Amino acid sequence: MAIIAAGYITAGNPLIYGYSTTADASLADALACLASAQIEIVDDDADTTDHQGHTLRRSDLHTHPATAALLALVKDRGGDCSWDVAGGVACTWDERDEADDHAEAARAARA
């Protein structure tokens, strides 16, 4: 089973803050989500503790291609969900496990 991207997520591990069909739109969605939660995005060299607990470093946000199943999960349940990256694509744990099982079976068949 190949993990196939259907869109993008933007996350600050482990939470997914945004998702969309393009990487730029996913980042914009994440930034809007964080702003609505009054979480300030700070530069990596910002050493402030004035808003500790209400800040997120820009470098902590990562955008990944994502499967349709993960996008649907985030849409239905929000970004506090179990996910992983397999083959460079963010996916659900079930998809990752299924891909691992297929890869293991293929290796066994070649042996």
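Further up the page is the structure itself.
The paragraphs below set out a description of the structure included in this document. Since the model is a prediction, treat every value here as computed from it, not as a measurement. (Residues numbered from 1 in each chain as written. Predicted model: local features only at pLDDT ≥ 70, side-chain atom pairs only at ≥ 80, totals over all residues. Heavy atoms only, no water.)

Ile9, Ala11, Ile16, Ala66, Leu70, Leu71, Leu73, Val74, Cys81, Trp83 and Ala90 together form the largest nonpolar core, which totals 11 residues. Among the elements of the structure, β1 (7–12) and α2 (68–77) are those that each provide at least two residues to this core. The element best represented in this core is α2, accounting for four residues. Excluding residues that lie within four positions of it along the chain, Leu71 makes contacts with Ala6, Gly7, Tyr8, Ile9, Tyr19 and Ala66. (Core = buried A, V, L, I, M, F, W, Y, C linked by side-chain atoms within 4.5 Å. Buried < 20%, exposed > 50% of the residue type's maximum accessible area, 1.4 Å probe, protein only. Helix = DSSP H or I, 4+ residues; strand = E, 2+ residues; numbered from the N terminus. Contact = heavy atoms within 4.5 Å.)

What follows covers the environment of Ala35. Secondary-structure assignment places Ala35 in helix α1 (residues 23–36). Ala35 sits in the exposed class, given a relative accessible area of 51%. For Ala35 and Thr92, which are 57 residues apart along the polypeptide, the C-alpha to C-alpha distance reads 26 Å.

Here we take up the environment of Thr21. Along the chain, Thr21 turns up in the loop between β2 (15–20) and α1. With a relative accessible area of 63%, Thr21 lands in the exposed category. Residue contacts for Thr21: discarding those within four places in its chain leaves Gly7 and Tyr8.

Another aspect to go through is the pairing of β1. Here β1 lies mainly inside the structure; five of its six residues are buried. Of the pairings in the sheet, the one linking β1 to strand β5 (residues 62–66) comprises five bridges and is antiparallel in character. Bridged to Thr10 within β5 is Thr63. Of the pairings in the sheet, the one linking β1 to β2 comprises five bridges and is antiparallel in character. Each bridged residue has a counterpart across the sheet, and for Ile9 the counterpart in β2 is Tyr19. (Pairing = 2+ DSSP bridges.)

Okay, the environment of Leu34 next. With respect to the helices, strands and loops of the structure, Leu34 is situated in helix α1. Put simply, Leu34 and Glu95 are 61 residues apart on the chain and 28 Å apart in space, counted from C-alpha to C-alpha. If sequence neighbours within four positions are ignored, Leu34 has contacts with Tyr17, Ile39, Ile41, Leu56 and Leu61.

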